[in-house]
Amino acid sequence: MTLFHLTWKSFLNRKATLLMMLLSISMSVVLLLGVDIIRQQAKEGFSSTVSSTDLIVGARSGQINLLLYSVFHIGNATNNITWKSYENISQDANVKWSIPLSLGDSHRGFRVLGTSSAYFEHYRYGAKQPLAFSQGRGFEGLFDVVIGAEVAKKLGYNLGSPVVIAHGMGSASLMKHDDKPFNVVGILKPTGTPVDNTLIVSLEAIEAIHVDWQSGVQLPGSKVTAEQVLKMKLKPKQITAFMLGLNSRLSTFHLQRKINQYRNEPLMAILPGLALQELWGMFSFVEKTLFAISGLVVVSGVLGLLALLLSSLNERRREMAILRSVGARPIHILTLLILESLLVTLLSVLLGIGVLYLVMLYASPLIQDQFGVRLAVQGLSLWQWQLVGMVVAAGSLAGLVPGYRAYRNSLADGMSIKL
Amino acid sequence: MKKLAVTIDDLLFKWGDGTPCLTIPKFQLYHGEKVFIKGPSGSGKSTLLNILGGVLAPEHGDIKVLGHDYALMKMSQLDKFRADHIGFIFQQFNLLPFLSLLENVCLPCRFSSTRRARAIDEFGSVEQGAEALLKRLGLMDKHLYQQNAAALSVGQQQRVSAARAILGSPEIIIADEPTSALDVDARDQFLALLLSQCELSGSTLIFVSHDSALEHHFSQKLRLTPSSNGGYSL
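All of these numbers come straight from a predicted model, not from anything done at the bench.

## Some thoughts on the sheet that holds strand 8 (residues 204–209) of chain B
All names here are of chain B.
Point 1. Read from one edge of the open sheet, five strands run 6-7-8-3-9, paired in parallel fashion. What marks the edges here is a single partner per strand, and that holds for strand 6 (86–89) and strand 9 (220–223). Ignoring which end each strand starts from, the neighbouring axes of this sheet average 20° apart.
Point 2. Here helix 6 (residues 154–166) sits on the sheet in contact with strand 6 and strand 7 (172–176), set at roughly 170° to strand 6.
Point 3. Here helix 7 (residues 184–201) sits on the sheet and contacts strand 3 (34–38), strand 6, strand 7 and strand 8; the angle it forms with strand 8, its principal contact strand, is near 155°.

## Re the side chain of A:Thr53
Residues and elements named next belong to chain A.
Point 1. Inspection of the secondary structure assignment puts Thr53 in the loop between helix 2 (15–47) and strand 1 (55–59).
Point 2. Residue Thr53 is classed as buried on the basis of its relative accessible area of 6%.
Point 3. Residues in contact with Thr53, not counting those within four places in the same chain, are Trp97, Met243, Leu244 and Pro272.

## Points about the sheet that holds strand 1 (residues 4–14) of chain B
All names here are of chain B.
Point 1. Read across the open sheet, the six strands follow the order 5-4-1-2-11-10; overall the sheet is mixed. Two strands in the sheet have a free side with no partner beyond their single neighbour: strand 5 (68–69) and strand 10 (225–226).
Point 2. Taken together, the two bridges between strand 2 (residues 20–30) and strand 11 (residues 232–233) define a ladder with parallel strand orientation. In the sheet register, Thr23 faces strand 11, and the bridge partner there is Ser233.
Point 3. On top of the sheet, helix 1 (residues 45–52) reaches strand 1, strand 2 and strand 4 (60–65); it is set at about 125° to strand 1, its chief contact.

## Some remarks on the packing of aromatic side chains
Point 1. With the rule as written, the count across this model stands at 14 aromatic pairs over all chains.
Point 2. Judged by centre distance (5.9 Å) and plane angle (80°), the rings of A:Tyr119 and A:Phe120 are edge-to-face. Neither A:Tyr119 nor A:Phe120 differs from the other in exposure class; each is buried.
Point 3. Residues B:Phe36 and B:Phe218 carry aromatic rings whose centres are separated by 5.4 Å and whose planes lie at 40° to one another, so their mutual orientation is tilted. One end of the pair, B:Phe36, is in strand 3; the other, B:Phe218, is in the loop between strand 8 and strand 9, with 182 residues separating them in the sequence.
Point 4. Exposure remark for B:Phe36: the relative accessible area of 0% places this residue in the buried category.
Point 5. By way of ring pairs, the aromatic residues A:Tyr119, A:Phe120, A:Tyr123, A:Phe133 and A:Phe139 are connected into one cluster.

## Remarks on the packing of helix 10 (residues 272–282) of chain A against helix 11 (residues 284–315) of chain A
Geometrically, a packed helix pair is captured by the angle between its two axes and the distance between the axes.
All names here are of chain A.
Point 1. Relative to each other, helix 10 and helix 11 sit at 45°, their axes nearing to 4 Å. Comparing their axes, helix 11 and helix 10 come out oblique. Where helix 10 abuts helix 11, its residues Trp280, Gly281 and Met282 lie against Ser284, Phe285 and Glu287.
Point 2. Of the residues in the contact of helix 10 with helix 11, the class split is three nonpolar, two polar and one charged.

Calculation criteria
In every chain, residue numbers begin from 1 and rise along the written sequence. In the order they appear in the text, chains get letters beginning with A and ligands get numbers beginning with 1. Predicted model: local features are reported for residues with pLDDT of at least 70 only, side-chain atom pairs are reported and counted for 80 or more only, and whole-chain, interface and lining totals are derived from all residues. To get the side-chain values, take all heavy atoms of the structure and skip hydrogens and water. Here a strand pair is declared whenever DSSP counts at least two bridges between the two strands. Helical segments are the DSSP runs of H or I of at least four residues, strand segments are the runs of E of at least two, and each set is numbered from the N terminus. Between N-to-C directions, angles span 0 to 180 degrees; the directions come from axes that are lines fitted to C-alpha atoms, helices contributing only their stretch in contact. Contact between two residues is taken to exist if any of their heavy atoms lie within 4.5 Å; hydrogens are not considered. Any residue under 20% of the maximum accessible area for its type is buried, any over 50% is exposed, and the rest in between are partly exposed; the area is computed with a 1.4 Å probe on protein chains only. Side-chain rings of Phe, Tyr and Trp (the six-membered ring for Trp) are treated as a pair once their centres are within 6.5 Å; stacked means planes under 30 degrees apart, edge-to-face means over 60, and tilted covers the remaining angles. Roughly parallel covers angles under 35 degrees, roughly antiparallel covers those over 145, roughly perpendicular covers 65 to 115, and oblique covers all other angles. Only Asp, Glu, Lys and Arg are considered charged, only Ala, Val, Leu, Ile, Met, Phe, Trp, Tyr, Cys and Pro nonpolar, and every remaining residue, Gly among them, polar.

If you want it as structure tokens, here you go:
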């Protein structure tokens, strides 16, 4: 029978209160690790929104603005860029592939993206994954539309569903391009990126629905029907932005400089990785706040343990006196209390990790369903283990205080305490 | 020639506030002797036991136990000395309620390697020694041994604590009112068992009580009496 055995038996003797403590600390561990895991995975998901793209080019504004509207489909471009500039730059010897992007229309709150078939061929997200179809195919006809997984799910669309595109963003009382309805020909697999919330049509289709429009309104009296438009030879005059893949990453900065100094039009080229980092940096206060809150929860848990251990000291004075009388030295008493708080925090941490993984296993499909964020169930990172280690260390240190008090008590009480 | 187990010379103990509590001009006890010290409550019995155990240090005076001068020993040495050579029995509530009978009896041998070695010497193992002593003290029911001490009657608890004090044959056993929670029959029976066990293990017994009805069991009797300085003296 060692000191640990003694601690364990004494622990079991007071299991009701200690179990509550254990639950409380383990919940704080769940929160601490949970916040960190979500933070880490959100960051990973965020920075993998677009990959393999070397440069994104748009009208001159700020790099975050350009990133937001071209990749996240948030906000609007300050200006469009001409088709001619796009053609010029994409024919540069360093360019391997290019994807034109034309934004500005919507369908029931979801963005409509006009692009070329290069989008399905070259666009990459996550770990350089290409887009894949769960049903159907890419667009071929003028009025074909491919929809993201989330669009299909939220609106209940299948292959063949008719889609009417509205001018501008928003979901109500927008002018609609209802004279030229589209047909769903393909549905993409979920990606966990803004692509899921996008409807994709060809650049020609964007041109077609605007052929009889000017300055954002349909010209009265000059209505062009869908049949007429099919016969027209449509060529885009302007687009919103474009993505470039280069032959060699070494030429990135060279080409970036060249685009930024483009003479015919004020253009800007950004490196998506850098822009993503800057954008994430803007959220870092949220990240830090969350972390601080979960840290405070742990502190309050440990303080609770401290309070509990201290308040139990009085009722345990007899226990300590008996131990002293059978030969336990003050150092044994101190060890006993530290072992106890170590035991409580260690069990709490184990329970907390267990609960966390159970929650992740059961909640990750739900979270993906509700928020489109994929929570990968993976092992704890080194940093997370360090967090766990800090909790255990703080818990054991909390045992030092009552341990010292008990040590002092046992010296003062001697062995003849009478209760 | 008999060897001295305890000698006290010219001892004065005061509480922190300066009130004199206990004076002992001279006290001697030989190995194997059994002494009854009678004192009313408040007469400093517990103080005396704590001084003998080395937990409290006197204002002045010499205490020698088994040839060790307490004044020359550090706190940690005293702790070890007490664990190795002194067994204690208290009034009541002196078992850990969450440990089994056997674990309670074995406790001192966990903290003292000297007592552990002696128990192994005598009985083969600490547990066997505990069982043998429990049997000698009249706790025959073997399946009681694994039960928690809280389940026992006060009389049974006192026998368990006696077994605990004796296991590992400490040279000195100090008993503080161990019979006050027992009725008369149980009291005499317990005392007889305790005395015979001390006889068997050759231990010196210092028995403190306010109850003079127990005096006749002892050959040597002392008394704590009020002294002129306001405290008590032996």
